[in-house]
Amino acid sequence: MALPAQGTRPYGHRTDRSQPQAEAQVQDPRRHPSPALGPRAAQRSHRGVGVVSSQRCPRPCVPAPAARSRTHFIHRRGPPTRTHVSGKRGKRSRIAGVRWSHTWVPGWAHERPMGSNQEEQVLHSLSQLRPNADLLDDTGIARSRAALLERHLPEGEKQPHSIGQGPYFYVGGTNGASIISSYCRGKGWQRVQDSRREDCKLKWCELKCRDNYYRFREGEQLLYQIPNNKLLTTKIGLLSALREYSRIVNKIHRTSPCAQAKVLKMEEFFPETYRLDVRDEREAFFTLFDETQIWICKPTASNQGKGIFLLRNQEEVAALQVKTQSIEDDPIYRKMPFRAPQARVVQRYIQNPLLLDGKKFDVRSYLLIACAMPYMVFFGHGYARLTLSLYDPHSSDLGGHLTNQFMQKKSPLYMLLKEDTVWSMDRLNRHINDKFRKTKGLPRDWVFTAFTKQMQQIMAHCFQAVKSKLHCKLGYFDLIGCDFLIDENFKVWLLEMNSNPALHTNCEVLKEVIPGVVMETLDLAIETFQKSLRNQKMLPLRSQRRFVLLHNGETDLWPRLGGSRSALRPPLPPPRPACEADCSAPPPFSAADGPGARRPALPRSPGGAHGRPPSAQRRPRPPGPGPDGAQSREPGAERPRAGAGEPARESSPGLGEEEREERKNAGHRGC
Ligand SMILES: Nc1ncnc2c1ncn2[C@@H]1O[C@H](COP(=O)(O)OP(=O)(O)OP(=O)(O)O)[C@@H](O)[C@H]1O
Ligand SMILES: [Mg+2]
Ligand SMILES: [Mg+2]
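Since this is a predicted model, take the numbers as computed values, not measurements.

Draft legend 1. Layout of the overall build of the protein. Along the backbone of the protein there are 19 helices and 15 strands. Within the protein, the proportion of its 671 residues that are buried is 62%. Just so you have it, the protein exposes about 25100 Å², and 55% of that area is on carbon and sulfur atoms.

Draft legend 2. Local environment of the coordination of the magnesium ion (ligand 3). Of the protein atoms, only Asp483 (OD) and Glu496 (OE) coordinate the magnesium ion (ligand 3), at distances of 1.9 to 2.0 Å. The magnesium ion (ligand 2) is placed at 3.8 Å from the magnesium ion (ligand 3), the two being bridged by glutamate 496. Here aspartate 483, found in strand 13 (residues 476-486), pairs with glutamate 496, found in strand 14 (residues 492-498); they are 13 residues apart in sequence, far enough to count as distant. Across the pair, exposure class does not vary: aspartate 483 and glutamate 496 are buried alike.

Draft legend 3. Quick look at the sheet that holds strand 7 (residues 309-311). The strand order 5-8-6-7 describes an open sheet built from 4 strands, whose pairing is antiparallel. Of all strands in the sheet, those bounded by a partner on one side alone are strand 5 (273-275) and strand 7. For this sheet the average axis-to-axis angle between neighbouring strands, irrespective of direction, equals 25°. Contacts from helix 9 (residues 235-255) reach strand 5, strand 6 (295-299) and strand 8 (344-348), with the element oriented near 110° to strand 5. Relative to the sheet, helix 11 (residues 279-288) contacts strand 5, strand 6, strand 7 and strand 8, its axis offset from that of strand 5 by approximately 130°.

Draft legend 4. Layout of the packing of aromatic side chains. Counted by the stated rule, this structure contains 14 aromatic pairs. Between the aromatic rings of tryptophan 204 and phenylalanine 477, the centroid separation amounts to 5.7 Å while the plane-to-plane angle is 65°, which identifies the pairing as edge-to-face. Taken together, the residues tryptophan 204 in strand 3 (residues 200-205) and phenylalanine 477 in strand 13 connect sequence positions 273 residues apart. The same class applies to tryptophan 204 and to phenylalanine 477, which are both buried. Their ring planes at 85° and their centres at 5.0 Å tell us that tryptophan 446 and phenylalanine 490 sit as a pair that is edge-to-face. One end of the pair, tryptophan 446, is in the loop between helix 16 (425-440) and helix 17 (447-466); the other, phenylalanine 490, is in the loop between strand 13 and strand 14, and 44 residues separate them in sequence.

Draft legend 5. Inspection of the packing of helix 11 against helix 12 (residues 314-329) at higher detail. Two elements in contact, helix 11 and helix 12, have axes whose closest approach is 11 Å; the angle formed by their N-to-C orientations is 165°. With respect to helix 12, the element helix 11 is oriented roughly antiparallel. Where helix 11 crosses over helix 12, the handedness of that crossing is left-handed. Residue-level inspection shows Arg279, Arg282, Phe285 and Phe286 of helix 11 in contact with helix 12, the latter providing Val317, Leu320, Gln321, Thr324, Gln325 and Glu328. Residues that form the contact of helix 11 with helix 12 fall into these classes: 4 nonpolar, 3 polar and 3 charged.

Draft legend 6. Local environment of helix 17. With 20 residues, helix 17 ought to run about 28 Å at 1.5 Å a step, and its terminal C-alpha atoms sit 27 Å apart, in line with that. Counting buried positions along helix 17 gives 17 out of 20 residues, so the element sits mostly inside the fold.

Draft legend 7. Representation of the packing of helix 6 (residues 177-186) against helix 18 (residues 508-533). Running from N to C, helix 6 and helix 18 point in directions that differ by 45°, and their axes come no closer than 10 Å. One way to sum up the angle between helix 6 and helix 18 is to call them oblique. Read as a crossing pair, helix 6 and helix 18 show a hand that is right-handed. Across the interface between the two elements, Ile179, Ile180 and Tyr183 from helix 6 touch Ile514, Pro515, Val518, Met519, Leu522, Asp523 and Ile526 from helix 18.

Draft legend 8. Here's a closer look at the site of ligand 1. Lining the immediate surroundings of ligand 1 are 27 residues, of which Lys235, Lys298, Gly305, Thr403 and Glu496 lie closest. A distance of 2.8 Å separates a nitrogen atom of ligand 1 from a polar atom in the backbone of isoleucine 350. At a separation of 2.9 Å, an oxygen atom of ligand 1 approaches a polar side-chain atom of aspartate 362. In isolation ligand 1 has 600 Å² of accessible area, and contact with the protein removes 100% of it. A molecule is said to occupy a pocket when more than half its atoms come within 2 Å of that pocket's grid points, and by this definition ligand 1 occupies the largest cavity.

Draft legend 9. View of the environment of tryptophan 446. On the accessibility criterion, tryptophan 446 (4% relative accessible area) is buried. Considering only alpha carbons, one finds tryptophan 446 and isoleucine 432, 14 residues apart in sequence, at a separation of 7.5 Å. The contacts of tryptophan 446, once residues within four sequence positions are left out, are Asn429, Ile432, Asn433, Phe451, Thr452, Ile486, Phe490 and Val492.

Draft legend 10. Expanded view of the environment of threonine 449. Along the chain, the position of threonine 449 falls in helix 17. In the structure, threonine 449 is positioned 20 residues away from asparagine 429 in sequence and 9.9 Å away in space, judged by C-alpha atoms. A distance of 2.8 Å separates a polar atom in the side chain of threonine 449 from the backbone oxygen of aspartate 445.

Draft legend 11. Main features of the confidence of the model for the protein. The share of residues in the protein with pLDDT of 70 or more is 58%, and the mean pLDDT across the chain is 71. Within the model, pLDDT remains below 50 along residues 73-120, and this stretch shows 153 contacts once partners closer than five positions in the same chain are excluded. A low-confidence stretch, residues 122-163 (pLDDT under 50), is modelled with 84 contacts involving residues beyond four sequence positions or located in other chains. Predicted as a complex, the structure gets a pTM of 0.69 and an ipTM equal to 0.99.

Draft legend 12. Representation of the side chain of serine 182 within the structure. By secondary structure assignment, the location of serine 182 is in helix 6. Within the structure, serine 182 has its side chain in polar contact with the backbone oxygen of serine 178 (distance 2.8 Å).

Draft legend 13. Structural detail: empty space enclosed by the protein. For the largest cavity, the calculated volume is near 360 Å³. For the largest cavity, the lining is made up of 29 residues, of which Ile296, Lys298, Ile308, Leu402 and Leu495 are closest to its centre. Looking at the lining of the largest cavity, its residues break down into 9 nonpolar, 10 polar and 10 charged. Taken together, domain 2 (235-269 + 352-555) and domain 3 (272-349) each give at least three residues to the lining of the largest cavity, which thus spans both.

Draft legend 14. Up close: unusual backbone geometry. Here the residue pair methionine 373 and proline 374 is connected by a cis peptide bond, since its omega of 0° sits within 30 degrees of zero. Summarising the element assignment, proline 374 is placed in the loop between strand 10 (359-372) and strand 11 (375-386). With an omega of -5°, the peptide bond running from leucine 539 to proline 540 counts as cis. Within the secondary structure, proline 540 is located in the loop between helix 18 and strand 15 (548-552). For glutamine 225, which is not glycine, the phi torsion reads 90° and is therefore positive.

Draft legend 15. Region of the structure containing helix 11. Within helix 11 the residues assigned to the buried category are Glu281, Arg282, Ala284, Phe285, Phe286 and Leu288. Residues of helix 11 that are buried in the fold lie against helix 9, strand 5, strand 6, strand 7, helix 12 and strand 8.

Draft legend 16. Structural context of the pattern of salt bridges. Summed over the entire model, instances satisfying the criterion amount to 22 salt bridges. Ionic pairing is found between glutamate 496 and lysine 235, a salt bridge with its closest N-O pair at 2.9 Å. Here lysine 235 lies in helix 9 and glutamate 496 lies in strand 14, a separation of 261 residues in the sequence. Per residue, the accessibility class of glutamate 496 equals that of lysine 235, and both read buried.

About the cut-offs
Residues numbered from 1 in each chain as written. Chains lettered and ligands numbered in written order. Predicted model: local features only at pLDDT ≥ 70, side-chain atom pairs only at ≥ 80, totals over all residues. Heavy atoms only, no water. Helix = DSSP H or I, 4+ residues; strand = E, 2+ residues; numbered from the N terminus. Buried < 20%, exposed > 50% of the residue type's maximum accessible area, 1.4 Å probe, protein only. Areas by Shrake-Rupley, 256 points an atom, 1.4 Å probe, with all protein chains shown as cover. Donors = N, O, S within 2.8 Å, 3.2 Å for Na, K, Ca; no water. Pairing = 2+ DSSP bridges. Axes fitted to C-alpha atoms, helices over the stretch in contact; angles between N-to-C directions. Contact = heavy atoms within 4.5 Å. Phe/Tyr/Trp six-rings, centres within 6.5 Å; stacked < 30°, edge-to-face > 60°. Parallel < 35°, antiparallel > 145°, perpendicular 65-115°, else oblique. Left-handed = near helix turned anticlockwise from the far one by under 90°. Nonpolar A, V, L, I, M, F, W, Y, C, P; charged D, E, K, R; others polar. Expected span 1.5 Å × (residues − 1). Near = heavy atom within 4 Å. Polar contact = N/O pair within 3.5 Å; in protein donor to acceptor, adjacent residues only side chain to side chain. 1 Å grid on protein atoms, 1.4 Å probe; cavity = no way out; pocket = protein on both sides within 12 Å on 5 of 7 lines; lining within 4 Å. Sits in = over half its atoms within 2 Å of the grid points. pLDDT = per-residue confidence, 0-100. Points joined across faces, edges and corners; volume = space filled by probe spheres on them. Domains from an automatic or database assignment. Salt bridge = Lys/Arg side-chain N within 4 Å of Asp/Glu carboxyl O.

Laid out in structure tokens, this is it:
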């Protein structure tokens, strides 16, 4: 576990295409650069994003201070609603006790059109207090916000939206739209309805639309969602990335025995999973299945529990086998594979989940990639999602097995009992303290200590697995919802990661949690963007409140300003001998993993759950480097080749196909 590095601080805890042309011309940001995104944006070309200072771009062979490039974990005790600050930050850090509590705001429960409801006015007013967040003192902001909340909000005082020709923003879809809009309007920005406009300072789009990426102006605008986030946010993408990363790490550990055992092993946190679109894998699964276990079958890119079913007996498995084979043999799908039903995975079902008053639950947390150039990656707490009914492993009612809100909403009891289906992390912590601490010998506040740490390690590990493959440009940012299950032995399992996580606020707890998550996401995206543009040091981050820094990529050799993933990778220095490496850091990649090196293709065969032959599944553990997979690579270390480890047979579509898929699956992940 890497300790908090210097400079980090503990966690505070459709288009209306009729937009007049003239308007767009008048607002050409190249002539009127946005104060919010910085004047230099206006001078930049699309790709060249400025001179990189020597401080930010160390000579390749000179290792930069390791602490700056490592993944950082800052752990705190206690609930996430207070900010713990390090002494070094002094008064400025004591911002925070602002609880993003809007429970008293009537009518919050449903997303409504922009500007039409009270909560938007509230958020707008709050946001107005920090029109230039980077210029203001946070303590003052917090006080002013609190004062405003006290004075005005119960009466629902309406604050006029700023008029005037401000920078523009675009929000596509309804997920979180009112919160995002309020935030931006509070900065004096104006919402536009035409997604094709290129002069938006911010585009927050639910669907990844090809046009937005074609039109994206690096270094001049912020764009929500990294275009190939499917590497993490589809079931097959995540599985493939984790397998590939394991393979590389294992190889390094074989060749460099002193590379210490600190990287997580995927089988320790990711339930055994097989791809059904890969013949060898599905055959391995059909062979190993026996009726003592339950498996869960999921489409790779759906959400809300759609298309999920359990496999408990040979008949169900045989039916699945026939169905899968018939799809593969279908001449139509052979000709037009994009018409075929979505690829699926089968995953070992965690049969013994921890229960809260007899109910199954999972935890939604957030992985925030606030900046992709350099990477600034954060962890954020979310909430727990419970089923309405009591858990019975033998029940055929999926409502008791699938904890997502969407499934629960199907119940007639939902409207009556919905508040019981979402718990705050505080409540979860209290419950676990009360009910399990003694009997299970847990440390006090297990939720905010051990559990939080494990979630952070797992997320950091997953990020490391895809870091070199994500398309990174200055201005891309992403908020990813990560779903964790705790079993009755308090073992933590990652179930999946979701793009475009649900930002609805239809329960009291969600009203408390979601606006804060969205606003801090935007604050951090803007602050890191500005700092990157200006070649400023990232830390300290004035807008960091509840999110915890997982990875500070300032000293990563790649990606760096002045280049992007879409450009050619710069030559990498020779790897340092592993034994010289800081033993708390992950091992460097060998030259054989570097660019131009030949790499064996992904195992087409029996990958089995974690990329090993089925015979090996039950199952020798790889000589693992240990529990901490959370650090970044050494500054001189090579990375896996871009594209390597792409899901081998997942249709790896261009955006067109992905867009189609997105549209098919439109919906918020995890609602
Ligand atoms: N391996 C597993 N063991 C036990 N329960 C599981 C497992 N995988 C999924 N579940 C349950 O099924 C639910 C839905 O699964 P998952 O999140 O993977 O699908 P999804 O369709 O992407 O859902 P969403 O995006 O809405 O969270 C989970 O919230 C969890 O309750
Ligand atoms: Mg999902
Ligand atoms: Mg889920």
